[in-house]
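So the chains spell out like this:
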Amino acid sequence: MSTATPTTGGADVELEIGGMTCASCANRIERKLNKLDGVVASVNYATEKARVVVPAGYDPQQLIAEVEKTGYTAALPAPKRDTNTAAPQEDPELTSLRQRLIGAAVLSIPVIAMAMIPALQFTYWQWASLTLAAPVIVWAAWPFHKAAFTNLRHGAATMDTLISMGTLAAFGWSLYALFFGSAGVPGMTHAFELTIAPSDGASNIYLEVAAGVTTFILAGRYFEKRSKRQAGAALRALLELGSKDVSVLRGVGDSRTEVKIPVEELRVGDEFVVRPGEKIATDGVVVSGTSAVDASMLTGESVPVEVGETDAVTGATVNVGGRLVVRATRVGSDTQLAQMAKLVEDAQTGKAEVQRLADRISGVFVPIVIAIAVATLGAWLGAGFPASAAFTAAVAVLVIACPCALGLATPTALLVGTGRGAQTGILIKGPEVLESTRKVDTIVLDKTGTVTTGRMSLVDAIAEQGTDRTDLLRLAGALEHSSEHPIAQAVAKGAAAEVGELPTPEDFANLEGKGVQGVVDGHAVVVGRESLLADWSQHLSSELVARKLAEEQAGRTVVVAGWDGAARGILVVADTVKPTSAQAISELKALGLTPVLLTGDNEAVARQIGAEVGIDKVIAEVLPKDKVDVVAGLQGEGKVVAMVGDGVNDAPALAQADLGLAMGTGTDVAIEASDITLVRGDLRSAGDAIRLSRKTLATIKTNLFWAFAYNVAAIPLAALGMLNPMLAGAAMAFSSVFVVGNSLRLRGFKALADQERTTR
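Predicted model, so just to flag it, every value in this text is computed and none were measured.

Q: Help me understand the sheet that holds strand 8 (residues 283-288), please; the structure alone is not making it clear to me.
A: Strand-to-strand pairing in sheets goes through backbone hydrogen bonds, with the strands running parallel or antiparallel. Read across the sheet, 6 strands follow the order 6-5-7-13-8-11 without closing on themselves; strand pairing throughout is antiparallel. For this open sheet the edge positions go to strand 6 (257-262) and strand 11 (312-313), each flanked by a neighbour on one side alone. Where strand 8 and strand 11 come together, 2 bridges link them in antiparallel fashion. Paired with Val285 across the two strands is Ala312, which belongs to strand 11.

Here it is in structure tokens:
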């Protein structure tokens, strides 16, 4: 037991584990660590990492020592290297595997060919086979033997135990037959058979089995290892997106100069320059300049976003327009990029319930297989068959049953699925989230900022008869441009987009709670409430009064504009529906989900928004604190509820829901309370997230079915003598490669918006 004294609180420790060869290795390390006082550990075979929760003040070296006592290596993660200057490092384990595989293949091919083709069996071919096969069985297969011996010392058995026992048994029997039996006589021949045939045990050699199994399993292990690296490529790419250097402004006022420093030295409050084509070094706010920012590397959204003064920008996005000066607001591990990477890494190192089941099975699988192999040997001998036939059947059982595919089924799919999600702007917090997406049947959507833009926009301008609409927009927009009120800014922005540059007003005055007045191009202009214009004896026509009333009943805001002693028209401002929301609702319905619109707005506004996007069930006039009660009420009706929101007031409802999805454009509180974060802020991502999660879960189930079905079907075939050990080795290696390859298919997942752009 640990000698550390547990203290209040706790800490997360991550360890990089070396020497694992199958899921049962990970399972054994996990059990050992969990026996320590106050320690909760989860070991992931695919990522080769352990996540350990320890008491505060606990020395990680104790964890490392415990892992090493188990026969494996452990280390704390090394500091991240500067990828700008350091050359990519080759994985030493992958290099070693490749060298052993090449050597084994070169030496094994002639051995297998001579054993399979009698015409190649010259006078002393069996001794040539021994010369070629011995290095394969001793050197190339050494990692298997070493791991098996280490496990034996600790009273455990893993996949390596099966491989080592099988190949050494075949090699040992061949040596016995060559030196003490009749297999070593000059001119000895034997035919290759797919199944096991009864024969004189001392006249047969199995060098091709020992060499072939070693080569096939090395090949499977090599491609498995390489595929696992590909599976984690999305996370590595995410971690390497950030800028390496930054041009910081130093000094005071106009005398400030640019100083290039490593991005690690950047501090909150520093102002830095971003030129066209450069990456934005960290999260910040634009201090000066206007530009377009390409966030596709981070969110998957290819359309650049226009930014100007006071707009927030995200680190790792690319400035594709003009020069910007940005003030850093978050640096290091606080940035959105770092938080995204942490979310993805946490999801990949966690375990879904289905994986825990697979781990438990693989933990007891190896001893059961050894027992079956011993029983097979005894049954064949008891039935009167020669020792060679009995021995060959037992070796086939050992080789075919390796549970490698079982251990890879879940983690490789998680690696690829969560990594692909990160590339498309979908951050899945943990593997257990996948189970929730399968059962969800109702999705509750917050209106403001989720279905709608959450920003006021000019949706219409209606001029009085005899007044030009362009004049209405130009004069009213110019006056509103000088006001900081959100409604005034919406009018000004909409007017500028339609008529171009706006004139500068004179004698501008802000009338608190009523509107604004001033002189524009020689006209005395008033914009604001209808009562403000009435004070100036300016009144709307009956037609526009009726139109104004209709717009207000629909939940829109209307301001009135007048000049030169007469009311000239109305401007309609509203929180507009996002252009993609209706398509997103269709996608959610196609996934079998019932959408529900939840809002604090009045019934009329909510119904109008619902009708616009295709939502039939609308729950309106709900106070922020009551949103969680609505979600709980739906759950009480037997619904499995997903919730999509973006505000602080959505956080309790997101936590209450069976599946919480936060818009990445929302608040940190909402993101923290959710299970999935949608970085794009596009509601279509909600459907994409559920599709990806379900597809990942389906891939896991396919992998597990293959792994279970393979072992269940193959072990009896081997025990009955219907499978040659060498083919068993090839089949076992193929099963692992199949599982990893099936998982890699998730890299082809495309978000709905991306599919549209591809078909255009």
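Q: When you look at helix 4 (residues 125-140) in this model, what are you seeing that I'm missing?
A: Side chains of residues three or four places apart in an α-helix project in the same direction, reflecting 3.6 residues per turn. In this model helix 4 runs 22 Å from its N-terminal to its C-terminal C-alpha over 16 residues, within 8% of the 22 Å that 1.5 Å per residue would give. Its maximal kink placed at Ala133, helix 4 deviates by approximately 30 degrees, while the proline Pro135 follows within four residues. Turning to helix 4, its buried residues number three or more, namely Trp125, Gln126, Ser129, Leu130, Ala133, Val136, Ile137 and Ala140.

Q: Help me understand the nonpolar core, please; the structure alone is not making it clear to me.
A: Ile443, Leu445, Val644, Leu659, Leu661, Ile676 and Leu683 are the most contacted members of the largest nonpolar core, which totals 46 residues. Broken down by element, this core gets its largest block of residues, 7 residues, from helix 25 (residues 684-719). What Ile676 contacts, discounting residues up to four positions off in sequence, is Ile426, Leu427, Ile428, Val433, Leu659, Gly660, Leu661, Ala662, Ala689 and Ser693. With 35 residues, the next largest nonpolar core counts Phe144, Ile163, Trp173 and Ile205 among its residues.

Q: What should I look at first to understand the environment of Val326 in this one?
A: Tracing the sequence through the fold places Val326 in strand 13 (residues 324-330). Each C-alpha atom, one on Val326 and one on Gly289, is 9.0 Å from the other, the two residues being 37 residues apart in sequence. Those residues within four positions of Val326 in sequence are excluded, and the remaining contacts are Asp270, Glu271, Phe272, Val274, Gly284, Val285, Val286, Val287 and Val313.

Q: I'm lost on the sheet that holds strand 9 (residues 291-294) in this one. Help?
A: Here 3 strands make up an open sheet; going across it, the order is 10-9-12 and the pairing antiparallel. Strands at the two margins of the open sheet, each flanked by one partner only, are strand 10 (305-307) and strand 12 (318-319). Relative to strand 12, strand 9 runs antiparallel, the two being bridged by 2 bridges. Following the sheet pairing, Asp294 is matched in strand 12 by Val318.

Q: Help me understand the packing of helix 20 (residues 581-590) against helix 25 in this model?
A: Packed helix pairs are specified by the crossing angle of their axes together with the interaxial distance, meaning the distance between the axes. The interhelical angle for the contact between helix 20 and helix 25, taken along N-to-C directions, is 25 degrees, at an axis separation of 7 Å. When the axes of helix 20 and helix 25 are compared, the pair comes out roughly parallel. Pair helix 20 / helix 25 crosses with left-handed handedness. Within the contact between the two elements, helix 20 uses Gln583, Ala584, Glu587 and Leu588 and helix 25 uses Arg684, Ala686, Gly687 and Arg691. Partitioning the contact of helix 20 with helix 25 into residue classes produces 3 nonpolar, 2 polar and 3 charged.

Q: Looking at this model, I keep getting lost on the pattern of salt bridges. Mind explaining?
A: Oppositely charged side chains may form a pair once their charged atoms are brought near each other. In total, this model carries 19 salt bridges according to the counting rule given. Measuring nitrogen to oxygen at the nearest pair gives 2.8 Å for the salt bridge that ties Glu271 to Arg256. With Glu271 in strand 7 (residues 271-274) and Arg256 in the loop between strand 5 (245-250) and strand 6, the pair connects residues that are 15 residues apart, well separated along the chain. A salt bridge links Arg474 to Asp521; the shortest N-O distance between them is 2.4 Å. Taken together, the residues Arg474 in helix 16 (residues 469-481) and Asp521 in the loop between strand 18 (515-520) and strand 19 (523-528) connect sequence positions 47 residues apart.

Q: Honestly, the side chain of Thr467 in this entry has me stumped. Any pointers?
A: Mapped onto the secondary structure, Thr467 falls in the loop between strand 16 (452-463) and helix 16. With a relative accessible area of 14%, Thr467 lands in the buried category. Among all residues touching Thr467, those that are not within four sequence positions of it are Trp563 and Arg568.

Q: I tried to follow the confidence of the model for the protein chain on my own but got confused; where do I start?
A: Atomic detail in the predicted coordinates should be set aside for any region of low pLDDT. Mean pLDDT for the protein chain: 79, with 81% of residues reaching 70 or above. Taken element by element, the protein chain is modelled with least confidence in helix 8 (residues 233-239), mean pLDDT 54, and with most confidence in helix 4, mean pLDDT 94. For residues 1-9, every residue scores under 50 in pLDDT, and the model assigns this stretch 16 contacts once sequence neighbours within four places are set aside. Segment residues 81-88 is flagged for pLDDT under 50; beyond a separation of four residues in sequence, or across chains, it makes 8 contacts in the model.

Here is what the cut-offs are and how they apply
Residues numbered from 1 in each chain as written. Predicted model: local features only at pLDDT ≥ 70, side-chain atom pairs only at ≥ 80, totals over all residues. Heavy atoms only, no water. Pairing = 2+ DSSP bridges. Helix = DSSP H or I, 4+ residues; strand = E, 2+ residues; numbered from the N terminus. Expected span 1.5 Å × (residues − 1). Bend = angle between axes of the 7 residues up to and from the residue. Buried < 20%, exposed > 50% of the residue type's maximum accessible area, 1.4 Å probe, protein only. Core = buried A, V, L, I, M, F, W, Y, C linked by side-chain atoms within 4.5 Å. Contact = heavy atoms within 4.5 Å. Axes fitted to C-alpha atoms, helices over the stretch in contact; angles between N-to-C directions. Parallel < 35°, antiparallel > 145°, perpendicular 65-115°, else oblique. Left-handed = near helix turned anticlockwise from the far one by under 90°. Nonpolar A, V, L, I, M, F, W, Y, C, P; charged D, E, K, R; others polar. Salt bridge = Lys/Arg side-chain N within 4 Å of Asp/Glu carboxyl O. pLDDT = per-residue confidence, 0-100.

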